[in-house]
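Breakdown of the fold
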Amino acid sequence: MGVSGSGKSTIAEALAKCLSWRFEDGDAFHPAANVAKMSAGHPLTDEDRWPWLNAIADEIGRVYGAGGHMIVACSALKRAYRDVLRRGRSDVRFVFLNGTPELIATRLARRKCHFMPPELLASQFKTLEPPGTDEHAIAVPIDAPVEAIVAAIVRELNVSAADGGRPKASS
């Protein structure tokens, strides 16, 4: 989770590959109206986001129900959004990709062919509610190479990349 340009898709895809888990980009769950609104330079409202978040939460439930694991790249900027995605489940974890507005603005300026224009970055930071300590989120700085960020996340999740993402045995 994090603002646009924080590396959600890149990190999530690399983490999923490392753990041999399924990867989904949360952007794929947006209704066409949301994509059109953002493409036109308009920030989404909470009303725009609820169907999107519920579609992701439904997919998380389906995958879990089938005995699987998945990594979803999703902004989840507010606690209320994360609550929708969690649906009361303690096994849904969030990784907060934390970076400065300056670093992320530089990344967004280099990004091509994405519906989220750099002009909406300020609205994303304004909306952002970093996870509270009670949310058991993993916060990682994004100013390191992808491999280092993924390794830090795997350590914090206490799972074994070599064992298909299964939890490590307790000592």
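Throughout what follows, the structure given in this document is the object of discussion. (Residues numbered from 1 in each chain as written. Predicted model: local features only at pLDDT ≥ 70, side-chain atom pairs only at ≥ 80, totals over all residues. Heavy atoms only, no water.)

**Considering the packing of aromatic side chains**
The tally for this structure, following the rule as stated, stands at 1 aromatic pair. Judged by centre distance (5.6 Å) and plane angle (80°), the ring pair of Trp50 and Tyr81 falls under edge-to-face. Here Trp50, found in helix α3 (residues 46-65), pairs with Tyr81, found in helix α4 (residues 79-86); they are 31 residues apart in sequence, far enough to count as distant. Judged by relative accessible area, which is 0%, Tyr81 ranks as buried. (Phe/Tyr/Trp six-rings, centres within 6.5 Å; stacked < 30°, edge-to-face > 60°. Helix = DSSP H or I, 4+ residues; strand = E, 2+ residues; numbered from the N terminus. Buried < 20%, exposed > 50% of the residue type's maximum accessible area, 1.4 Å probe, protein only.)

**Focus on the pattern of salt bridges**
Counted by the stated rule, this structure contains 13 salt bridges. Of the charged contacts, one joins Glu59 and Arg22 as a salt bridge, the two residues approaching to 2.6 Å between their closest N and O atoms. Residue Glu59 is located in helix α3, and its partner Arg22 is located in strand β1 (residues 22-25); the two are separated by 37 residues in the primary sequence. Overall, Glu59 belongs to the buried group, its relative accessible area being 12%. Overall, Arg22 belongs to the partly exposed group, its relative accessible area being 33%. (Salt bridge = Lys/Arg side-chain N within 4 Å of Asp/Glu carboxyl O.)

**A look at the side chain of His30**
As for its placement among the helices and strands, His30 is situated in the loop between β1 and α2 (32-39). Residue His30 is classed as buried on the basis of its relative accessible area, which comes to 10%. A distance of 3.1 Å separates a polar atom in the side chain of His30 from a polar atom in the side chain of Asn34. (Polar contact = N/O pair within 3.5 Å; in protein donor to acceptor, adjacent residues only side chain to side chain.)

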